[in-house]
Amino acid sequence: MWRTRGYVEVEELESMGLVPPVERMERGPVAVAECVEEIPCNVCETACRFGAVSVEGMRGRPRIDWDRCIGCGVCVGVCPGQAMFVVSTAGGEGRVTLPYEFLPRLAPGTRVKLLSRKGEELGVGEVERVFEINKTQVVTVKVPRELIMEVRAVWPL
Amino acid sequence: MRVAEHPVLEFKRGNPHTIVFEGVEVEAFENESLAAALWAMGIRELRRTSWGSLGPFCMIGYCSGCLVEVEGRRARACLEPSRPGLRVKKLGEYVPGLVAAEYPGGAEELEVDVMVVGSGPAGLSAAIAAGESGLETHVFERHFRPGGQLVKQTHKFFGSGELFGGLRGFQIAEELVSRAVEVGVRIHTRAPVIGYFREGFFAVSEAGRLLLVKPRAVVVSTGAVERLLPFPGNHLPGVMGAGAAQTLMNEYGVKPGERAVVVGAGNVGLIVSYQLMQAGVRVLAVAEVMPEIGGWLVHAAKIRRLGVPILTRHTVVKAEGEGRLERVVVAAVDERMEPVLGSEKVFDADLLLLAVGLTPESRLLAQIGARMVWSPELGGYVPYRDEYMETSVPGVYVAGDASGIEEATTAILTGRVAGYSAALRLLGPRQDLLERREEALRLLREARRTPFSSKVLRGLEKVVVHVAH
């Protein structure tokens, strides 16, 4: 149960229909909302310019419209719970976009430790792209393609 | 140690200067509290008694852990702004009472429409509501900067745009303060409200003078105090409330420690753990006595993915150290919440944060004569009130954590409700004010529709009195 573990397992996300289909991830970046409790918050919905996030009555789980979502990563940067991620296996390469609020600040080319939901080291990856929203860095990192649903944090080497 | 660089905050330190602590010169900066300056210089013990060393616990002027002698006067180091040449001494076992002639400037009278006690999210929101209605509104704050505990919140808040969702706590505080000033609210800092007198005035100490404030309506938004846990060594410098560590690292840019253990996996414990890491502190473990994590999953997930263990069914049993915290002993608990012998884990930690809940600071209301009630669901003694936040004393309103422990969003909303209620009392049933109050009440009901609110709602059923208006 996630309330004793402190994180949610991929299988649980799948059973709730929160993981995009494989074909969609191959087509290009798409958001994954790992927000499974009913938080009174709709910051992601308000921030999405593509109308791709909907939160039922401010309290439901955010649902991503995988056809509308372009994987821009704005929701990753605004989410107060840091529960939004963008994943892609386009071109056979794995990429994860995640929030980062530590020092040193990251820049394209920086090599970082890849961490799982429970803080296990999954190897080393390279930062490809970074932008910032209200002091949160939105970091896209290259990862082995089989790890796009596993890597959820990075840490300076 | 001071934090030189922070991923979210920029620390604008004032001019450096020197203060003298126990005869030794110590570096400090303008705009920081004595407690922060001393902690930054590695001074942990502020008082020694026959039973042990004491250090700051709450950092917001409620506990007595940082009581010191400043220029021959007794003062809380956390509320005292540092100034060049200040002479500070430790107090011993015996703390002398207040000396006479505290107010050489005499007393002044001040008549106001609305008096607000406390400048946190609730107080500022109430003041904005009253101020924008055209009433002369004065806020009294004991600290030297306004904003209450929002000032030290660095995480982004949940919510919708109309309730500051997505903004960081200190950014919300900045917005509330500037909005209050914009609508003509006067904020008095370093101005603690001492008490209420039956003749209809409040005594306020401000800059060495005594103010006798006569308000036509009052909003009491005095916030809450962090709870202490009973265990051997809980007095040691380095054992403090989670909020106290936030004050040090997020308000003043002072590193509270190097290696921390956090007790309590509610939202406060989870959020403070993440903030510790942002300030460069290692978090060794979070211990939670209950079988499950109390806070939102997303806050737990933020620290779990960075490798911080959350030990459920565990609690702190002992803190040890010579003059300061050096070790923390944590043990598993059984079904009866009793520590299991042999399950102890020892952490070499210089910081132990207690995030085990808060208690409403409602003593001023009791002193005014408001009817109080003990509510475990709301965290302690709270006043009976109607849904418009008026207490049993006509014209006296309550808002925020002083009315029951919730969080910043509900504090803002109960503040708005109280502020508009005060305005309606003084200005009559103006349609625009009634509408704005209804809107705040609607948002409040919305904000309380979470699993965490069920306890609060049970408490409110017992303390909200329904009256025909």
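Residue positions are given per chain, counting from 1 as you read along its sequence in written order. Whichever chain is written first is A, and whichever ligand is written first is 1; the rest continue in order. Owing to the predicted nature of the model, reporting of local features is limited to residues with pLDDT of at least 70; listing and counting of side-chain atom pairs is limited to 80 or more, with chain, interface and lining totals taken over all residues. Think of the side-chain values as coming from all heavy atoms in the structure, minus any hydrogens and water.

(A) A look at the pattern of salt bridges. All names here are of chain B. Any carboxyl oxygen of Asp or Glu that lies within 4 Å of a side-chain nitrogen of Lys or Arg is treated as forming a salt bridge with it. Under the counting rule described, the total for this entry stands at 43 salt bridges over all chains. Between Lys-318 and Glu-320 there is a salt bridge, with the nearest N and O atoms lying 3.2 Å from each other. Burial classification: accessible surface area is computed with a 1.4 Å probe over protein chains only, and a residue below 20% of its type maximum counts as buried, one above 50% as exposed, and the rest as partly exposed. Owing to a relative accessible area of 34%, Lys-318 belongs among the partly exposed residues under this scheme. You can call Glu-320 partly exposed: its relative accessible area is 23%. Among the charged side chains, a network of salt bridges with common partners joins Glu-132, Arg-179, Glu-182, Arg-430, Asp-432 and Arg-436.

(B) Spatial organisation of the packing of helix α5 (residues 267–278) of chain B against helix α6 (residues 297–304) of chain B. Residues and elements named next belong to chain B. In this description, a line fitted to the C-alpha atoms serves as the axis of each element, helices being fitted only across the stretch in contact, and the angle between N-to-C directions of two axes falls anywhere from 0 to 180 degrees. Going along the chain from the N terminus, every DSSP run of H or I of four or more residues is numbered as a helix, and every run of E of two or more is numbered as a strand. Contact geometry for α5 and α6: axes closest at 9 Å, N-to-C directions at 30 degrees. Taken as axis vectors, α5 and α6 run roughly parallel relative to one another. Between α5 and α6 lies a crossing of left-handed hand. For the pair α5 and α6, contact is made by Asn-267, Leu-270, Ile-271, Ser-273 and Tyr-274 and by His-299, Ala-300, Lys-302 and Ile-303, respectively. Side-chain classes follow a simple rule in which Ala, Val, Leu, Ile, Met, Phe, Trp, Tyr, Cys and Pro form the nonpolar group, Asp, Glu, Lys and Arg form the charged group, and the remainder, Gly included, forms the polar group. Partitioning the contact of α5 with α6 into residue classes produces five nonpolar, three polar and one charged. Here is the rule for angles: anything less than 35 degrees is roughly parallel, anything more than 145 is roughly antiparallel, 65 through 115 is roughly perpendicular, and the remaining ranges are oblique. Whether a crossing is left-handed or right-handed is set by the direction in which the near helix is turned from the far one by less than a right angle, anticlockwise for left-handed and clockwise for right-handed. Working rule for contacts: check all heavy atoms of both residues, and any pair within 4.5 Å makes them a contact.

(C) Here's a closer look at the interface of chain A and chain B. With 42 residues of chain A at the contact, the number on the chain B side is 41 residues. Accessible area, probed at 1.4 Å, shrinks when two parts are joined; the buried area is that loss added up over both. When the two sides are added together, the surface that chain A and chain B hide from each other amounts to roughly 3400 Å², 56% of it contributed by carbon and sulfur. Glu101(A) serves as the salt-bridge partner of Arg168(B), at 2.8 Å between the closest nitrogen and oxygen. For this analysis, a polar contact is any N or O atom pair within 3.5 Å, provided that within protein one partner can donate a hydrogen and the other can accept it, and provided that sequence-adjacent residues contribute only side-chain to side-chain pairs. Taken together, the connections running from chain A to chain B amount to 21 residue pairs in polar contact (both at pLDDT 80 or more). Elements represented by at least two residues in the side of chain A that touches chain B include exactly α1 (2–5), α5 (74–78) and β9 (153–156) of chain A. In terms of residue count, α1(A) provides more of the side of chain A that touches chain B than any other element does, four residues in total. Of the residues that constitute the side of chain A that touches chain B, the class distribution is 19 nonpolar, 11 polar and 12 charged.

(D) Quick look at the packing of aromatic side chains. When two rings of Phe, Tyr or Trp (its six-membered ring) have centres within 6.5 Å they constitute a pair, described as stacked for plane angles under 30 degrees, edge-to-face for angles over 60, and tilted for the intermediate range. Here the structure, examined in full by the defined rule, presents seven aromatic pairs over all chains. Considering the side-chain rings of Phe102(A) and Tyr274(B), the 5.3 Å spacing of their centres and the 75 degrees angle between planes classify their relative orientation as edge-to-face. Of this pair, Phe102(A) sits in the loop between β5 (94–100) and β6 (111–115) while Tyr274(B) sits in helix α5, on two different chains. Residue classification places Phe102(A) among the buried positions, given a relative accessible area of 4%. On the basis of an interplanar angle of 85 degrees and a centroid distance of 6.2 Å, the ring pair of Phe158(B) and Trp296(B) is categorised as edge-to-face. Taken together, the positions of Phe158(B) in the loop between β9 (137–140) and α3 (169–182) and Trp296(B) in the loop between β17 (282–288) and α6 put the pair 138 residues apart, joining distant regions of the chain. Exposure class is identical for Phe158(B) and Trp296(B). Each is buried. Taken together, the ring pairs connect Tyr100(A), Phe102(A), Trp155(A) and Tyr274(B) into an aromatic cluster. Lying over the aromatic face of Phe85(A), Arg152(A) brings its terminal NZ or CZ to 4.7 Å of the ring centre. Taking the ring centre of Tyr274(B) as reference, the NZ or CZ of Lys302(B) above it sits at 4.6 Å. The criterion for a charge sitting over a ring is simple: Lys NZ or Arg CZ within 6 Å of the ring centre, and within 35 degrees of the ring normal.

(E) Inspection of the nonpolar core at higher detail. We call a set of buried residues a nonpolar core when its members are Ala, Val, Leu, Ile, Met, Phe, Trp, Tyr or Cys and they connect through side-chain atoms within 4.5 Å of each other. Ranked by internal contacts, the top residues of the largest apolar core, which has 108 residues, are Met84(A) and Leu276(B). It is helix α1 (residues 34–40) of chain B that provides the largest number of residues to this core, a total of seven residues. With sequence-adjacent residues up to four places away left out, Leu276(B) is seen in contact with Met249(B), Pro256(B), Ala260(B), Val262(B), Val281(B), Val283(B), Leu351(B) and Leu353(B). Formed by 68 residues, the second largest nonpolar core is a distinct cluster that contains Ala126(B), Leu150(B), Ala370(B) and Val417(B).

(F) Representation of the sheet that holds strand β7 (residues 87–90) of chain B. Residues and elements named next belong to chain B. Each pair of strands is called paired provided DSSP finds at least two bridges between the two strands. Judged by pairing direction, the sheet is mixed, and its five strands sit side by side in the order β2-β1-β7-β5-β6 without closing on themselves. Each edge of the open sheet is held by one strand with a lone partner, namely β2 (24–29) and β6 (73–76). Shown here is a sheet whose adjacent strand axes are inclined to one another by a mean of 40 degrees, direction ignored.

(G) Looking closely at the UniProt feature "domain: FAD/NAD(P)-binding" (unreviewed entry) in chain B. UniProt positions are given in the numbering used here, feature names are shortened, and annotations may be inferred rather than shown by experiment. Per the UniProt entry, the sites bearing "domain: FAD/NAD(P)-binding" (unreviewed entry) are residues 113–414 of chain B in this numbering. Helix makes up 23% of residues 113–414 of chain B and strand 30%. Its end C-alpha atoms lie 19 Å apart.

(H) Seen up close, helix α2 (residues 121–132) of chain B. Residues and elements named next belong to chain B. By definition here, a helix of n residues has an expected span of 1.5 Å times n minus one. Helix length check: α2, at 12 residues, gives a terminal C-alpha distance of 16 Å against a target of 16 Å (1.5 Å per residue), a fit within 8%. Here α2 has its buried residues at Pro-121, Ala-122, Gly-123, Leu-124, Ser-125, Ala-126, Ala-127, Ile-128, Ala-129, Ala-130 and Gly-131. In this structure, the buried side of α2 is in contact with β8 (107–117), β9, α3, β10 (186–188), β13 (209–220) and α8 (408–427). Phi turns positive one or two residues past the end of α2, at Gly-134, with a value near 100 degrees.

(I) Geometry of the domain arrangement of chain B. All names here are of chain B. Note that the domain bounds reflect an automated or database-derived domain assignment. By the assigned domains, chain B splits into domain 1 (15–90), domain 2 (107–225 + 359–465) and domain 3 (239–354). Here domain 1 and domain 2 have C-alpha centroids that lie 30 Å from each other. On the side of domain 2, 12 residues touch domain 1, which itself brings 12 residues to the contact. Summing the contributions of domain 1 and of domain 2, the shared interface buries around 980 Å²; its carbon and sulfur component is 54%. In terms of surface lost to domain 2, no three residues of domain 1 exceed Ile-60, Tyr-62 and Leu-79, which account for 62% of the buried area on that side. Along the contact surface separating domain 1 from domain 2 lie one salt bridge.

(J) Geometry of the layout of surface pockets. All names here are of chain B. Computed over the protein atoms alone on a 1 Å grid, cavities are sets of points where a 1.4 Å probe fits but cannot get out and pockets are open sets with protein on both sides within 12 Å along at least five of seven lines; a residue lines them when it has an atom within 4 Å of a point. Grid points are joined across faces, edges and corners, and a volume is the space filled by probe spheres set on the points. One number sums up the size of the second largest pocket: a volume of about 720 Å³. Along the walls of the second largest pocket sit 26 residues, with Glu-10, Arg-145, Val-151, Glu-174 and Glu-251 positioned nearest its centre. Here the residues of the lining of the second largest pocket are counted per class, giving 12 nonpolar, four polar and 10 charged.

(K) Structural view of the environment of Ile405(B). All names here are of chain B. By secondary structure assignment, the location of Ile-405 is in the loop between β26 (396–398) and α8. With relative accessibility at 17%, the residue Ile-405 sits in the buried group. Put simply, Ile-405 and Gly-165 are 240 residues apart on the chain and 20 Å apart in space, counted from C-alpha to C-alpha. Not counting residues up to four positions away in its chain, the partners in contact with Ile-405 are Ala-224, Leu-358, Thr-359, Pro-360, Leu-378, Gly-379 and Val-456.

(L) Quick peek at unusual backbone geometry. A cis amide bond links Leu103(A) to the next residue, Pro104(A), at an omega of -5 degrees. Turning to its location among the elements, Pro104(A) is positioned in the loop between β5 and β6. With phi around 50 degrees, Glu22(B) is a residue other than glycine that occupies positive phi space. Inspection of the secondary structure assignment puts Glu22(B) in the loop between β1 (16–21) and β2.

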